[in-house]
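Below are the chains, spelled out letter by letter.
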Amino acid sequence: MKVLVTGALGAIGVNLIPHLRSQGHEVVGTDVRMTDFSDYVRSDITSFEEMYRIFKETEPDTVIHMAGEVGRMMGEKYPQKMIYVNDCGTLNMIKLCMDYGTTLVNFSTSEVYGHLYDKGDEVEEEELELEQTAFGTTNVYALSKVFGEALTKHYVDNYGLKAVTIRPCMVYGPGETPAKNRSAIANFIHEAMTGKKLTIHKGTIRAWCYITDFVEGVRLVMEQKPGKKYEAYNIGSDEYYTAEKLAEIVLEICGGSKSQMALVEPPAHFLSPIKKSSIKKIRKLGFELKVPLRDGVKLVADWQREQGFADKDWELE
């Protein structure tokens, strides 16, 4: 299968593309970063002309559309940019996939569930359509992704677009640089290794999905023949941990001290304290979790040490 991956140089893309190639797929990546590889084309998803040129040159069977603005707080800080890139960019991909008969694998986020998480139970994919509205989201990032999904569904229902959506749920792994607004795992590990305080949101619960498990889930979805009905898949884990327990595991593996733990109340806005997403649907495709949290944390810690992050003493706050 010939696959075009947008957002190819992101933390997921740099792991997904080698995995797809190992399974026999021909892959071309695209991103906004200026670099030079034979299988990479620089482009901006908000430019229809640039994306049209890539489609014309590659004629992909499938597009995995990951490119976009990411992050709860980034959306609050730069809302116009978040909405423009995520929604106009997605619409460009929809139109080009329609023109070329290409299947679209659209990336959304678990953030779209918003206040559906408040009940504390695992949220299933279909609940977004049946019970959620844009008014139930908790941040601009989620709003942009809800609208992107609504656009995708509109073209599936009314114009015959072949598409499916993936909702990533707390993905982590090597390739993610510790920095402000990055994942708790990446930052906890860096802070543990450099002797800094780990700011821990009391009472929050998450299930973290290691990158190799996640990209296998993406491949399983991609290789399914899309139906006429709009479908979405949660890809994540059901190995739930409190933020406190996650911090303890990180400190144990990285050789830190519990005195580095600083418990605070979670923010009153923009965040769901408890996030539980059902993965029953993706399991029906053969999805299995192979990397438990402790093993994944160790792998990320080893990668950060190899990259020299343990010696980089910058502030993440």
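This text follows the structure it describes.
The model shown is predicted, which means the values in this text are computed figures rather than measured ones.

1. Section: the packing of helix α1 (residues 13-22) against helix α8 (residues 211-222)
Contact geometry of α1 with α8 gives a least axis separation of 9 Å together with a crossing angle of 55°. Looking at the two axes, α1 sits oblique to α8. Between α1 and α8 the crossing geometry is right-handed. Contacts between α1 and α8 pair N15, L16, H19 and L20 from the former with I211, V215, E216, V218, R219 and M222 from the latter.

2. Section: helix α9 (residues 243-254)
With twelve residues, α9 extends 16 Å from end C-alpha to end C-alpha; this agrees with the ideal 16 Å at 1.5 Å per step. Of the residues making up α9, those classed as buried are A243, L246, A247, I249, V250, L251 and C254. Structurally, α9 contributes buried residues whose contacts are with α7 (184-193), β8 (198-201), β12 (240-242), β13 (261-264) and α11 (293-307). At the exit of α9 stands G255, carrying a positive phi of roughly 80°.

3. A closer look at the pairing of strand β5 (residues 103-107)
The buried fraction of β5 amounts to five of the five residues, a majority that puts the element mostly inside the structure. In terms of strand pairing, β5 meets strand β6 (residues 163-168) through four bridges, oriented parallel. Pairing of N106 across the sheet is with T165, part of β6.

4. Comments concerning the pairing of strand β11 (residues 232-235)
Burial along β11 is two-sided: A232 and N234 and Y233 and I235, pointing in opposite directions, are all buried. Pairing analysis gives four bridges linking β6 to β11, with the strands arranged parallel. By the bridge assignment for β11, R167 is matched with N234.

5. Things to note about the packing of aromatic side chains
Counted by the stated rule, this structure contains eight aromatic pairs. On the numbers, 6.2 Å between centres and 85° between planes, the contact of Y172 with W208 is edge-to-face. Here Y172 is found in strand β7 (residues 171-172), whereas its partner W208 is found in the loop between β9 (205-207) and β10 (209-210), with 36 residues between them in sequence. Between W303 and F309, the ring centres sit 5.5 Å apart and the planes meet at 45°, which makes this aromatic pair tilted. Owing to a relative accessible area of 7%, F309 belongs among the buried residues under this scheme. Taken together, the aromatic side chains of Y172, W208 and Y210 make up a single cluster linked through ring pairs.

6. A few points about the environment of G175
Mapped onto the elements of the fold, G175 is located in the loop between β7 and α7. Considering only alpha carbons, one finds G175 and G13, 162 residues apart in sequence, at a separation of 9.4 Å. What G175 contacts, discounting residues up to four positions off in sequence, is A11 and W303.

7. Comments concerning the packing of helix α2 (residues 48-58) against helix α4 (residues 79-100)
For the pair α2 and α4, the least separation of the axes is 10 Å and the interaxial angle reads 35°. Crossing handedness for the pair α2 and α4: right-handed. Facing α2, whose interface residues are F48, M51, Y52, F55 and K56, α4 presents N92, M93, K95, L96, C97 and Y100. Across the contact of α2 with α4, the residue classes break down as eight nonpolar, one polar and two charged.

8. Some remarks on the side chain of S110
The residue S110 is located in the loop between β5 and α5 (127-131) in this model. For S110, the side chain forms a polar contact with the side chain of K275, separated by 3.1 Å. Excluding anything up to four places from it in sequence, S110 contacts Y117, R167, P168, C169, K275 and S277.

9. Looking at the sheet that holds strand β3 (residues 40-42)
Strand pairing in a sheet relies on backbone hydrogen bonds, with the paired strands running either antiparallel or parallel. Here we have seven strands laid out as an open sheet, ordered β3-β2-β1-β4-β5-β6-β11, and parallel in their pairing. Two strands lie at the open edges of the sheet, namely β3 and β11, each paired on one side alone. Sheet twist, expressed as the average angle between the axes of neighbouring strands with direction ignored, equals 20°. Against the sheet, α1 touches β1 (2-6), β2 (26-31) and β4 (62-65), its axis set at about 165° to β2.

10. Observations regarding the environment of V85
By secondary structure assignment, the location of V85 is in helix α4. Distance in space between the C-alpha atoms of V85 and E127 is 26 Å, their sequence separation being 42 residues. For V85, the contacting residues outside a window of four places in its chain are I45, T46, G68, E69 and T90.

11. As for unusual backbone geometry
At E59, a position not held by glycine, the phi torsion is positive, near 45°. Looking at the element boundaries, E59 is found in the loop between α2 and β4. Residue E59 is classed as exposed on the basis of its relative accessible area of 52%. Despite not being glycine, F270 shows a phi value in the positive range, around 75°. Considering the arrangement of structural elements, one finds F270 in the loop between β13 and α10 (280-283). Residue classification places F270 among the partly exposed residues on the basis of a relative accessible area of 30%.

The rules behind these values
Residues numbered from 1 in each chain as written. Predicted model: local features only at pLDDT ≥ 70, side-chain atom pairs only at ≥ 80, totals over all residues. Heavy atoms only, no water. Axes fitted to C-alpha atoms, helices over the stretch in contact; angles between N-to-C directions. Helix = DSSP H or I, 4+ residues; strand = E, 2+ residues; numbered from the N terminus. Parallel < 35°, antiparallel > 145°, perpendicular 65-115°, else oblique. Left-handed = near helix turned anticlockwise from the far one by under 90°. Contact = heavy atoms within 4.5 Å. Expected span 1.5 Å × (residues − 1). Buried < 20%, exposed > 50% of the residue type's maximum accessible area, 1.4 Å probe, protein only. Pairing = 2+ DSSP bridges. Phe/Tyr/Trp six-rings, centres within 6.5 Å; stacked < 30°, edge-to-face > 60°. Nonpolar A, V, L, I, M, F, W, Y, C, P; charged D, E, K, R; others polar. Polar contact = N/O pair within 3.5 Å; in protein donor to acceptor, adjacent residues only side chain to side chain.

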